[in-house]
Amino acid sequence: MAIRGNVVAWLGSDDVGRNQFPDAVMQDLDGAFVAPGFVDSHIHLSATGLAISGLDLRPATSRAQCVRLVADYAAAHPGRPVWGHGWDESAWPENTAPSTADLDAVLGDRPAYLARVDVHSALASSGLRRLVPDLAGAAGFDAQRPLAEDAHHRARAVARSLLTEAQLTEARVAALQALAAAGIVAVHECAGPEIGGLDDWLHLAGLDQGVEVIGYWGEAVTTPARARTLIAETGARGLAGDLFVDGSLGSRTAWLHEPYADAPGCTGARHVDPGAVEAHLRACSQAEVAAGFHVIGDAAVSTVVDALERVVDDLGIAAVARCGHRLEHLEMVSPEQAAKLGSWGVIASVQPNFDALWGGDDGMYAQRLGPERACRLNPLALLASQGVPLAFGSDAPVTDFEPWTSVRAAINHRTPGSGVSARAAFAAATRGGWRASGVRDGIAGTLVPGAPASYAVWDAGVLDVSAPRDAVQRWSTDPRARVAALPRLGENDPLPRCRQTVHRGAVIHG
């Protein structure tokens, strides 16, 4: 492969290349595997960096160990507010989160914000709660249990205000460096007023750390003029990403048609009413701006699909499809809804790691929904079969941003028939991310002459051109069809290790 400037100039056999470019600087990769750079299509950079540089509660395997990790971190960082992430009580023997009293016993008056793994609820110490105005009157408040809904948003905003700019800068740089080291060349930052605020997004957009940051701003609009103004003010690629229609299944805030199996009477939370959903989609379509929502529960998905249908009926399919609207997560989607989304050109920004972490007969999904509903979640094969373009992301810090983990999870889906082929999964983690961001030149995310020189060099094991699992086949696997080999990604195969990452001709790692 020959690189000239920031583009791929040529691909071919060694002898032809050496003759055609006799004065080139040579880099012999000694058998390494070269592939297009990955794109993470859903991430929160500052929060990811804070998880890297701060208190990571994902290793906790019990309520007591979670409290112990908090106490140890607080003792090692005296005088500072405690910001942590990652506890998940659904896998603990007690199946119960620590209480406010538990935190106060080890923290005293220190403010502490500890997000659940899905970041849709959080533990908050009394030292933080006292700083949040009118917290007790907010939806989702509980004196001892984790905060959810509006109470959570208020506490998170106050907790963020206690972090210094130096802490945040350190976290952002740490996240971008770690992403580059994972072979990732670009990310979709899902920003918004209720996530990090405009200042956080503008600081991220101003960083030059090699990894390209593509922003989405999650704020609803009602007019085309307001949509254009927000795009101009934020520099975002679209008014999409984490514009929350609902919450998460783990926190029981995803909006469902039927109650949770483990919480009778609870159907989750709706954050945006149907009229506002339709108004946002209509205004963005008229302004030719990408719109989108965070949707997880089936009631949330139905609300958005129904609103899209009304906008399509009014403006026409072409006016909607040209915008590249996108839906984040899209975990509970029916075949009929998938067919409609495919016909309207709506993109699914999905997280295969959700299934790897919480799917299966004994996972969190089955606890929350029961086995019958749980087995229908994250239907990647269904979406692909209906022509819905897929883009893979991590939702970091919710899940690990290691991209080969996402690809492997999509291949080895825990529900038979819901996985996709290795090639389909790899495409969703590379080309799919560029397409989802509006880059539709046909070459971004590939390594062909004229494409951006954005790639990673890997130490990989066995390479396969393999047939997909579960009889889902969307591309030929005949070697004569020039289908490239990929690392073998069985559940027990070691993942490739990144040796070097290059984006638009510049080395950003290695």
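Draft legend 1. Region of interest: the packing of helix α3 (residues 63–76) against helix α4 (residues 100–107). Running from amino to carboxyl end, α3 crosses α4 at an angle of 35°, the nearest separation of the two axes being 9 Å. Relative to α4, α3 is oriented so that their crossing is right-handed. Between α3, through R63, V67, V70, A71 and A74, and α4, the contact on the second element is made entirely by D102, V106 and L107. Taken together, the residues of the contact of α3 with α4 sort by class into six nonpolar, no polar and two charged.

Draft legend 2. Inspection of the sheet that holds strand β9 (residues 147–148) at higher detail. Spatial strand order, β5-β6-β7-β8-β9: five strands in an open sheet with mixed pairing. Of all the strands in the sheet, the pair left with one neighbour each is β5 (55–56) and β9. For β5 and strand β6 (residues 82–87), the ladder comprises two bridges, and the chain directions are parallel. Bridge pairing in β6 links D56 to H85.

Draft legend 3. Main features of the sheet that holds strand β17 (residues 455–459). Spatially, the four strands line up as an open sheet ordered β3-β17-β20-β21, and their pairing is antiparallel. The open sheet has two edge strands with one neighbour each: β3 (33–36) and β21 (506–509). Each neighbouring strand pair of the sheet contributes to a mean axis angle of 30°, computed without reference to strand direction. Taken together, the three bridges between strand β20 (residues 497–503) and β21 define a ladder with antiparallel strand orientation. Considered in β21, the bridge of H503 is made with A506.

Rules behind the numbers
Residue numbers here run from 1 along each chain, matching the order of that chain's written sequence. For a predicted model such as this one, the threshold for reporting local features is a pLDDT of at least 70, and the threshold for listing and counting side-chain atom pairs is 80 or more; totals across whole chains, interfaces and linings nevertheless cover every residue. The side-chain values count all of the structure's non-hydrogen atoms but skip hydrogen atoms and water molecules. Here an axis means a line fitted to C-alpha atoms, over the contact stretch when the element is a helix, while the angle between two N-to-C directions is reported on a 0 to 180 degree scale. Here a strand is any run of E in DSSP of at least two residues, a helix any run of H or I of at least four, and the numbering for each starts at the N terminus. Handedness of a helix crossing follows the sense of rotation of the near helix relative to the far helix, less than a right angle counterclockwise being left-handed and clockwise being right-handed. Should any heavy atoms of two residues lie within 4.5 Å, those residues are counted as being in contact. Each residue gets one of three labels, nonpolar for Ala, Val, Leu, Ile, Met, Phe, Trp, Tyr, Cys and Pro, charged for Asp, Glu, Lys and Arg, and polar for the others, Gly among them. For two strands to pair, DSSP has to find at least two bridges joining them.

The quantities given are spatial measurements derived from coordinates; they are silent on function.
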